Amino acid sequence: MTTYAVTGASGPFGRHAIASLIESGVAAGDIVALVRTPSKVADLAEQGVEVRTADYSAPDTLAGALAGVDALLLVSGSEVGQRVAQHTNVIEAAKAAGVSRIVYTSVLRADTTELVLAPEHKATEEALRASGVAFTILRNGWYIENYLGQVEQYRATGEIVGASGDGRVSAATRADFAAAAAAALVQQGHENAVYELGGAPAFTMSDLAAALSSATGTTIVYRDVTPEENTAILESVGLDAGTAGFVTALEVATSRGDLFTESRDLQRLLGRESTPLVDAIAAAVK
Ligand SMILES: NC(=O)c1ccc[n+]([C@@H]2O[C@H](COP(=O)([O-])OP(=O)(O)OC[C@H]3O[C@@H](n4cnc5c(N)ncnc54)[C@H](OP(=O)(O)O)[C@@H]3O)[C@@H](O)[C@H]2O)c1
């Protein structure tokens, strides 16, 4: 019997990963959900998943939480700026607990990209390699869901405004990335592998606008602006300077292709095509 643990199990990614593990035939009783707040995952406990308390920032919670775990899915945390120390805590605790492999959700080309979010992932990858524990690094592209939260605003204004130019994005649904993570956790043969995961077909922001127009019946166009204009527009609608600059940096990264990959690693892990943008939009816009 192999015991699988998933961190961030109260978040959407962790939840999808646990659902995928169960769908693939892993018994709920062989899965440990690691969370800060067990009450958030009472539904998982009802399904027979073992829920344990684990806070990335509190090493004393991690030792017990990882006892008896064979393979760990370390879902990257959400507290930007604290994640290297937090992830390192988990890696060290996993090593001490005798975990045999850690699967980590990183970001596309973490070691070479200029993407503003990458340094914490790069440092975590380095901590993993240094630990001596077998690892599988899943360098995830963008979630399609990142683009679907503002659909009502796009419909109201008839436009998507950004500084992404013609940059293509190999986004995939969060559920697909999580299903790939579950597969990488359960299957053998992924020891010390690094995968670049992206959805296909890739799309530009103009493609996104066209797909949203088609799905909603409202004409939506993509209007490209300069990075400076983009930041000014974001500040004019209330974003603070730091957040506006951060969002614009992601737009510029998109324009230079940082969110694009030709890799088929996601599809190989899934054993099928990834969910196309149009299907994800159809499911979200009803
Ligand atoms: N590729 C992309 O487009 C993209 C987009 C957004 C995020 N991400 C990354 O992917 C990860 C998973 O995505 P998601 O949508 O599930 O993110 P999310 O909704 O932000 O969930 C983050 C999860 O991490 C847990 N967490 C945060 N800090 C923790 C700590 N100190 N100790 C223990 N658990 C902690 C949260 O627990 P609580 O419920 O207790 O807060 C939650 O379960 C994110 O954390 C982020 O690193 C990627």
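Computed from a predicted model, the values in this text were never measured in an experiment.

(A) View of the site of the ligand. Close contacts around the ligand come from 22 residues, with Ser10, Lys40, Ser76, Gly77 and Asn146 the closest. Between the ligand and Arg36, the relevant distance is 2.8 Å, taken from an oxygen atom to a side-chain nitrogen or oxygen of the residue. For the ligand, an oxygen atom lies 2.9 Å from a polar atom in the side chain of Arg174. For the shell around the ligand, a count of residues per class yields seven nonpolar, nine polar and six charged. Residues from two domains meet in the shell around the ligand; each of domain 1 (4-140) and domain 2 (141-172 + 198-260 + 275-286) gives at least three.

(B) A look at the packing of helix α1 (residues 12-23) against helix α7 (residues 174-186). Put simply, α1 and α7 touch, their axes get as near as 8 Å, and they point 55° apart. Our classification of the angle between α1 and α7 gives oblique. For the crossing formed where α1 meets α7, the hand is right-handed. Contacts from Pro12, Phe13, His16, Ala17, Ser20 and Leu21 in α1 reach Arg174, Ala175, Phe177, Ala178, Ala179, Ala181, Ala182, Leu185 and Val186 in α7. In the contact of α1 with α7, the residues fall into 12 nonpolar, two polar and one charged.

(C) Focus on unusual backbone geometry. Note that the residue after Ala200, namely Pro201, is joined by a cis bond; omega there is -5°. Inspection of the secondary structure puts Pro201 in the loop between β8 (193-197) and α8 (205-216). Positive phi values are uncommon outside glycine, yet Arg109 reaches one of about 45°. If you trace the backbone, Arg109 turns up in the loop between β5 (101-107) and α5 (118-131). For Arg109, a relative accessible area of 26% translates into the label partly exposed.

Reading guide: rules and limits
- Residues numbered from 1 in each chain as written.
- Predicted model: local features only at pLDDT ≥ 70, side-chain atom pairs only at ≥ 80, totals over all residues.
- Heavy atoms only, no water.
- Near = heavy atom within 4 Å.
- Polar contact = N/O pair within 3.5 Å; in protein donor to acceptor, adjacent residues only side chain to side chain.
- Nonpolar A, V, L, I, M, F, W, Y, C, P; charged D, E, K, R; others polar.
- Domains from an automatic or database assignment.
- Axes fitted to C-alpha atoms, helices over the stretch in contact; angles between N-to-C directions.
- Helix = DSSP H or I, 4+ residues; strand = E, 2+ residues; numbered from the N terminus.
- Parallel < 35°, antiparallel > 145°, perpendicular 65-115°, else oblique.
- Left-handed = near helix turned anticlockwise from the far one by under 90°.
- Contact = heavy atoms within 4.5 Å.
- Buried < 20%, exposed > 50% of the residue type's maximum accessible area, 1.4 Å probe, protein only.

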